[in-house]
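What follows is the residue order along each chain.
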Amino acid sequence: MALTALSSWFLAQATIQDLGVVRFFAEVSVMLLLPAIGGVAAATACHNEAGLPLPDPARARVARFLWAIGWTAAATAAAEVGQLADAPTDPAATVRNMLIYTGIALLAVSSGFSHMAWLPVLGYTVVCMMFGFPPNEPRYYWWAPVMEADATLEQLAAAGSWYGLALAGYVFRGGSARIGPVGGGLPAHIRSAP
């Protein structure tokens, strides 16, 4: 979160025109990309380090819900620090992007791949940067809103819905879920021990 806040403050006015040899459709504000870092950090903070099959009463789900909301709010506040330095982007666009990126990363965490939560976020961002706009038209496709400097009410509603679905998956599946064999991939002689 500190990295996101400091970057937001010092890079509030910065834009990116190209990534290596790839030139973008239009300049993209760094303020639109910082929620990717904050969203991955917030989702990764929701990972259950113990990885144990703990009891899952209703109060544990409420605690997971509040924990994820708290980290998302902290990441959003960190990304919005640049608004104090007169960032040219709409504050709602930063919120929209944080909801989208945190939702993507929460899916990885709730699937048991918190160590890879950055990968789908990075992949989505690169695809939006490279293919998110029609040729010779000054707009982005509907599926690439993270590149737009202004947020519409529809985009905020869609981002909030996406985040809500990912949050529900995290809350009801649990922060330590694993995809794969029963026992989290433990050898059979350990799983069957009394």
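Engineer: Looking at this model, I keep getting lost on the overall build of the chain. Mind explaining?
Structural biologist: The helix and strand inventory of the chain stands at seven helices and two strands. Walking the chain from its N terminus toward its C terminus, one meets helices and strands in the order α-β-β-α-α-α-α-α-α. Within the span of the chain, comprising 194 residues, buried residues form 39% of the whole. In the chain, 69% of the contacts between residues at least 6 apart in sequence involve partners at least 24 apart. About 10,400 Å² of surface is accessible on the chain, with carbon and sulfur atoms providing 71% of the total.

Engineer: Explain helix 2 (residues 30-44) here, please?
Structural biologist: Think of an α-helix as 3.6 residues a turn; residues three or four steps apart then line up on the same face. Under the 1.5 Å per step criterion, the end-to-end length of helix 2 is 22 Å for 15 residues, consistent within 8% with the ideal 21 Å. Residues of helix 2 that are buried: Val 30, Met 31, Leu 32, Leu 33, Leu 34, Pro 35, Ala 36, Gly 38, Gly 39, Val 40, Ala 42 and Ala 43. Buried residues along helix 2 sit against helix 1 (2-10), strand 1 (15-19), strand 2 (22-29), helix 3 (58-79), helix 4 (91-110) and helix 5 (118-131). One side-chain oxygen of the residue at the start of helix 2 lies 3.2 Å from the amide nitrogen of Met 31, identifying that residue as Ser 29.

Engineer: Is there a simple way to explain the pairing of strand 2 in this structure?
Structural biologist: If a strand is regular, its side chains alternate between the two faces of the sheet. Pairing analysis gives four bridges linking strand 1 to strand 2, with the strands arranged antiparallel. Its bridge partner lying in strand 2, Leu 19 is registered against Val 22. The antiparallel pairing of strand 1 with strand 2 creates a hairpin that spans two residues between the two strands, and Gly 20 there sits at a positive phi of about 65 degrees.

Engineer: Before we go on, may I ask you to explain the environment of Asp 90 in this structure?
Structural biologist: Within the fold, Asp 90 resides in the loop between helix 3 and helix 4. Measuring from C-alpha to C-alpha, the distance between Asp 90 and Ala 149 comes to 6.2 Å, with 59 residues separating the pair along the chain. Apart from residues no more than four positions distant in its own chain, Asp 90 is found in contact with Gln 83, Ala 149, Asp 150 and Ala 151. Separated by 3.4 Å, the side chain of Asp 90 and the backbone nitrogen of Ala 151 make a polar contact.

Engineer: Before we go on, may I ask you to explain the packing of helix 2 against helix 5 in this structure?
Structural biologist: Packed helices, taken two at a time, are described by the angle their axes make and the gap between the axes. Between helix 2 and helix 5, the shortest axis-to-axis distance is 10 Å and the interhelical angle comes to 165 degrees. Overall, the two elements helix 2 and helix 5 adopt an arrangement that is roughly antiparallel. Crossing hand, helix 2 versus helix 5: right-handed. For the pair helix 2 and helix 5, contact is made by Leu 33, Ala 36 and Val 40 and by Trp 118, Val 121, Thr 125 and Met 129, respectively.

Engineer: I'm lost on the side chain of Ser 29 in this one. Help?
Structural biologist: Among the structural elements, Ser 29 can be located in strand 2. A distance of 3.2 Å separates a polar side-chain atom of Ser 29 from the backbone nitrogen of Met 31. Once residues within four sequence positions are removed from consideration, Ser 29 is found in contact with Ala 12, Ala 14, Thr 15 and Thr 89.

Engineer: Where do I start with the confidence of the model for the chain in this structure?
Structural biologist: A low pLDDT score tells you not to read the predicted coordinates there in detail. Confidence in the prediction for the chain averages 84 pLDDT; 86% of positions are at 70 or higher. Across residues 177-183, confidence stays below pLDDT 50; counting only partners more than four residues off in sequence or on other chains, it has 13 contacts.

Engineer: What am I meant to see in helix 5 here?
Structural biologist: In a regular helix each residue adds 1.5 Å, so 14 residues correspond to 20 Å; helix 5 covers 20 Å between its end C-alpha atoms and thus fits that length. Looking at the buried residues of helix 5, the elements they touch are strand 2, helix 2 and helix 4.

Cut-offs applied
- Sequence order as written defines the numbering, with residues in each chain counted from 1.
- This being a predicted model, a pLDDT of at least 70 is required before a residue's local features are given, and a value of 80 or more before pairs of side-chain atoms are given or counted; all residues contribute to the totals for chains, interfaces and linings.
- Each side-chain value is derived from all of the structure's non-hydrogen atoms; neither hydrogens nor water enter the calculation.
- A run of H or I in DSSP becomes a helix once it reaches four residues, and a run of E becomes a strand once it reaches two; helices and strands are each numbered from the N terminus.
- With a 1.4 Å probe rolled over the protein chains alone, any residue whose accessible area is under 20% of its type maximum counts as buried; one over 50% counts as exposed, and the rest are partly exposed.
- Contacts were defined at the residue level, with two residues in contact if any of their heavy atoms lie within 4.5 Å.
- Accessibility throughout is a Shrake-Rupley quantity obtained with a 1.4 Å probe, and a residue counts as covered only by protein chains that appear here.
- A helix is expected to span 1.5 Å for every residue after the first.
- Polar contact is the term for a pair of N or O atoms within 3.5 Å; when the atoms are in protein, one must be able to donate a hydrogen and the other to accept it, and sequence-neighboring residues count only if both atoms are side-chain atoms.
- For two strands to count as paired, DSSP must find a minimum of two bridges between them.
- Every axis corresponds to a line fitted to the C-alpha atoms, with the helix fit spanning only the stretch in contact, and the corresponding angles, defined between N-to-C directions, vary from 0 to 180 degrees.
- For classification, angles of less than 35 degrees are called roughly parallel, those exceeding 145 degrees roughly antiparallel, those between 65 and 115 degrees roughly perpendicular, and all remaining angles oblique.
- Crossings are classed by handedness, with left-handed meaning an anticlockwise turn of the near helix from the far one by less than a right angle and right-handed meaning a clockwise turn.
- Residue-level confidence of the predictor, termed pLDDT, takes values from 0 up to 100.

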